[in-house]
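An overview of the molecular structure
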Amino acid sequence: MKFNIFRAQSYEGLSLRRRIIMALLLLAVLASLLVNVMLGSSQIPLREVLSILFTGVGEQHNPMIVRQLRLPMALMAVVVGAALGVGGCEIQTILKSSIASPYTLGITSAASFGAALGLIVNTNVLQVSEAAMVTGNAFAFALLASALIYGFSRIRGSNSGTIILFGIAQNFLFGALTMVLQYIADDEDLQSLVFWNMGSLLKATWSKFFIVAAVLALSLALLMSRAWELTAMTLDDTKARSLGVDTARLRKLVILITSLLTAVAVSFVGTIGFVGIVAPHIARQMSGEDQRYFLPMSALVGALVVSVAFALSKLVIPNVVLPIGLVTSIIGIPFFLAAIFQKMRWN
């Protein structure tokens, strides 16, 4: 009896620790959000930022700058980071690989090819307005890559290892196709494509933010409702099935959800690499594999990484905003290498 009480107290203590970490992560995300609103070509004091956010009162054009320009970009950094963190978390869960992510599976590479079609050869895949052509193309090809992965996962005999290999092959394919278009592009179009591939939040708007936020909220709700099944997926498929989990169906559902998250996020802001690897890697160290905590922590860490990267992109060079994808790649490479070495130790 004492042993059971001790175990119950230990579990309650562990749960409390995880909830405290989640609360601290949320506070850090909010702090980074405020920092991003403060930073820009001209810095706005925190007191004035808070006054504008809660009352709408501020000096000169500051209310317009905060509410119409900086706040949508800062919020977009949060929801895009959370979307990529969630996508990486669940892809790693169902494929049982710490180096799997939407980025390594070729979804972002396909989006880059779609953007290149619009920027270089003026191809409008979805027949949308010219202003939305690049975004529409990127979204369409990200979904195409996702559909190919989903279709491959339905083939008899496919498993986590073969799905990862298929994603890597897809990554190379769309990367090669993009290079063909780069070869025939003129200097102006090539510069636009390079800038898009590096990722940017500078064109964020309220409408784009609400779209990504809505898809993120719906995806989180669906995934959290299957938290225990996803936790069971960390076991091998035979053990998960013995617990009543339909592993094949759940794997396909997760691929669809994470693909939609990635497609929406990437189509609006361009390529932002390594967040889908970094966020779950950090979250796993703090929460373990329990999806009730691992999933929201991955979202919060992803939001924090992109938000901090956005702040750094405005601080490194005065009056210059670096592409955010460049900053996240520099941050992410050490964590990617750490994940590889950790996987080697497990083997």
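Below: a short report on this structure. Note that this is a predicted model, so its numbers are computed, not measured. (Residues numbered from 1 in each chain as written. Predicted model: local features only at pLDDT ≥ 70, side-chain atom pairs only at ≥ 80, totals over all residues. Heavy atoms only, no water.)

1. Some words on the overall build of the protein
Along its length, the protein carries 14 helices and zero strands. Secondary structure elements of the protein, listed N to C terminal, follow the sequence α-α-α-α-α-α-α-α-α-α-α-α-α-α. The C-alpha extent of the protein, read off along each of the three principal axes, is 70 × 50 × 35 Å. Looking at the 347 residues of the protein, the share that counts as buried comes to 50%. Within the protein, residue pairs in contact and separated by at least 24 positions form 73% of the contacts whose partners lie at least 6 positions apart. Split by element, the accessible area of the protein, about 16,700 Å² in all, is 67% carbon and sulfur. (Helix = DSSP H or I, 4+ residues; strand = E, 2+ residues; numbered from the N terminus. Buried < 20%, exposed > 50% of the residue type's maximum accessible area, 1.4 Å probe, protein only. Contact = heavy atoms within 4.5 Å. Areas by Shrake-Rupley, 256 points an atom, 1.4 Å probe, with all protein chains shown as cover.)

2. Overview of the pattern of salt bridges
Evaluated as defined, the whole model comprises four salt bridges. Of the charged contacts in the structure, one is a salt bridge between R226 and E229, with a shortest N-O distance of 3.6 Å. Under the relative-accessibility criterion, E229 is labelled buried at 15%. With a shortest N-O distance of 2.9 Å, R284 and E289 are connected by a salt bridge. A residue is classified by how much of its surface remains accessible, and R284, at 13% relative accessible area, is buried. (Salt bridge = Lys/Arg side-chain N within 4 Å of Asp/Glu carboxyl O.)

3. Re the packing of helix α8 (residues 206–224) against helix α11 (residues 247–269)
Packing of α8 against α11 leaves a shortest axis separation of 10 Å and a crossing angle of 165 degrees. Relative to α11, the element α8 lies roughly antiparallel. For α8 against α11, the interelement crossing comes out left-handed. Along the contact surface, α8 presents K208, I211, V212, V215, L216, S219, L222 and L223, while α11 presents V254, I257, L260, L261, V264 and F268. (Axes fitted to C-alpha atoms, helices over the stretch in contact; angles between N-to-C directions. Parallel < 35°, antiparallel > 145°, perpendicular 65-115°, else oblique. Left-handed = near helix turned anticlockwise from the far one by under 90°.)

4. What to know about the nonpolar core
In this structure, M76, V80 and L95 are the most contacted members of the largest nonpolar core, which totals 86 residues. Ranked by residues supplied to this core, first place goes to helix α3 (residues 62–95) with 19 residues. Beyond its immediate sequence surroundings of up to four residues, V80 is in contact with V212, A265, V269 and I272. Membership of the second largest hydrophobic core comes to eleven residues, among which are A110, L117, L181 and A185. (Core = buried A, V, L, I, M, F, W, Y, C linked by side-chain atoms within 4.5 Å.)

5. Structural notes on a nonpolar patch on the surface
Together, L16, I20, L24, L26, L27 and L30 line one region of the surface with nonpolar side chains, adding up to about 570 Å² of accessible area. By relative accessible area, I20 is classed as partly exposed at 44%. (Patch = residues over 30% accessible without salt bridge, like charges linked within 9 Å, V, L, I, M, F, W, Y side chains within 5 Å.)

6. Let's talk about the environment of G273
By secondary structure assignment, the location of G273 is in the loop between α11 and α12 (275–287). Taking the C-alpha atoms as reference, G273 lies 9.0 Å from P102; in sequence the two are 171 residues apart. In contact with G273, not counting residues within four places along its chain, are Y103, T328 and S329.

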